[in-house]
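Reading the structure
What follows is each chain in one-letter form.
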Amino acid sequence: MNKIWLIARRELNAYFSTWMGYIIIFAALLIDGMLFNAFAIGDDAKLSSDVLKDFFFFSSGIGMVAAVFLAMRLLAEEKQTGTIVLFYTSPLSERQLVYGKFLSALIMFVILQLLSVYLPCLIFLEGKVSVGHMVAGYLGVTLLGAGVLALSLFASVVSPNQLIAGITAAAMTVFFLLLWLLSYRVDEPFRQVFAYMSIHNERFRPFTNGVLHTRDVVYYGSLIFFFLECSIKSLETRRLQG
């Protein structure tokens, strides 16, 4: 665990030692605020719960994009700079490296969510919403973001550079997003399988309404675990080969 945390600290320093981490957070908060003002609040009278629901819906999209940018560099950058060789000759295990990298990106993502809390809190100026609704919504955004982080980390592992990693991660994310549409075009049992695998839509919407289902938490947890394990196995294979 100490080694995982040391890797996470190293990656966190990398985020903040350059402009990348600041730019991602600033851009995400700026777009989040603009969409909140334009669509969530808007000109039409809305119930406070609907405003909060719309906020989490838009925030989830911004969060997925931010997650791709946060994770695409994690291993691809090591390969670009050649520092991946240091890992192959170090006593670190693949699991420690992957989980340490993932933890750093997740911490950055959580920081982004914490900095955005002031937006839904503005609803309290003229309305009233349940704190439980806010907690459920942010939990959903965080779980969704963590799923995309794990997926993007895997893309970073199998890609030769950050550009390819970003494109691969974005393509995989869009694929999982569109599975719910595909589920309407196929017959059983594929319809049920594709609907279950979809990363957003019916899977995420309960969180926006302040509803917490165990099955949705289990799904995101399984997605995260699956792609982290895929990253570990891929690194093990590459280490044996080279």
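Before reading on, note that the structure itself is shown above.
Everything numeric in this text was worked out from a predicted model, so none of it was measured. (Residues numbered from 1 in each chain as written. Predicted model: local features only at pLDDT ≥ 70, side-chain atom pairs only at ≥ 80, totals over all residues. Heavy atoms only, no water.)

Right, let's get into the packing of helix 1 (residues 2-17) against helix 6 (residues 94-115). Here helix 1 crosses helix 6 at 50 degrees, and the two axes come no closer than 7 Å. Taken as axis vectors, helix 1 and helix 6 run oblique relative to one another. Note that helix 1 runs across helix 6; the crossing there is right-handed. Contact residues: Lys 3, Ile 4, Trp 5, Ile 7, Ala 8, Arg 10, Glu 11, Leu 12, Tyr 15 and Phe 16 in helix 1; Gln 96, Leu 97, Tyr 99, Gly 100, Lys 101, Leu 103, Ser 104, Ala 105, Ile 107, Met 108 and Ile 111 in helix 6. For the contact of helix 1 with helix 6, a count of residues per class yields 14 nonpolar, 3 polar and 4 charged. (Axes fitted to C-alpha atoms, helices over the stretch in contact; angles between N-to-C directions. Helix = DSSP H or I, 4+ residues; strand = E, 2+ residues; numbered from the N terminus. Parallel < 35°, antiparallel > 145°, perpendicular 65-115°, else oblique. Left-handed = near helix turned anticlockwise from the far one by under 90°. Contact = heavy atoms within 4.5 Å. Nonpolar A, V, L, I, M, F, W, Y, C, P; charged D, E, K, R; others polar.)

Empty space among the atoms becomes visible once a probe the size of a water molecule is rolled across them. Counted as a void, the second largest pocket has a volume near 190 Å³. Where the lining of the second largest pocket is concerned, the elements lending two or more residues are helix 9 (162-183) and helix 10 (190-197). Considering each element in turn, the lining of the second largest pocket owes the most residues, 3 residues, to helix 10. Residue composition of the lining of the second largest pocket, grouped by class: 4 nonpolar, 5 polar and 3 charged. (1 Å grid on protein atoms, 1.4 Å probe; cavity = no way out; pocket = protein on both sides within 12 Å on 5 of 7 lines; lining within 4 Å. Points joined across faces, edges and corners; volume = space filled by probe spheres on them.)

Under the definition given, this model contains 15 aromatic pairs. In textbook terms, an aromatic cluster arises when at least three aromatic residues are bridged by ring pairs, as seen for Phe 154, Phe 175, Phe 176, Phe 226 and Phe 227. A cation over an aromatic ring shows up here: Arg 73 above the ring of Tyr 15, its NZ or CZ 5.0 Å from the ring centre. Its guanidinium or amino end placed over the ring of Tyr 196, Arg 203 lies 4.6 Å from that ring's centre, counting from NZ or CZ. (Phe/Tyr/Trp six-rings, centres within 6.5 Å; stacked < 30°, edge-to-face > 60°. Lys NZ or Arg CZ within 6 Å of the ring centre and 35° of its normal.)

Nothing here speaks to function; it is geometry throughout.
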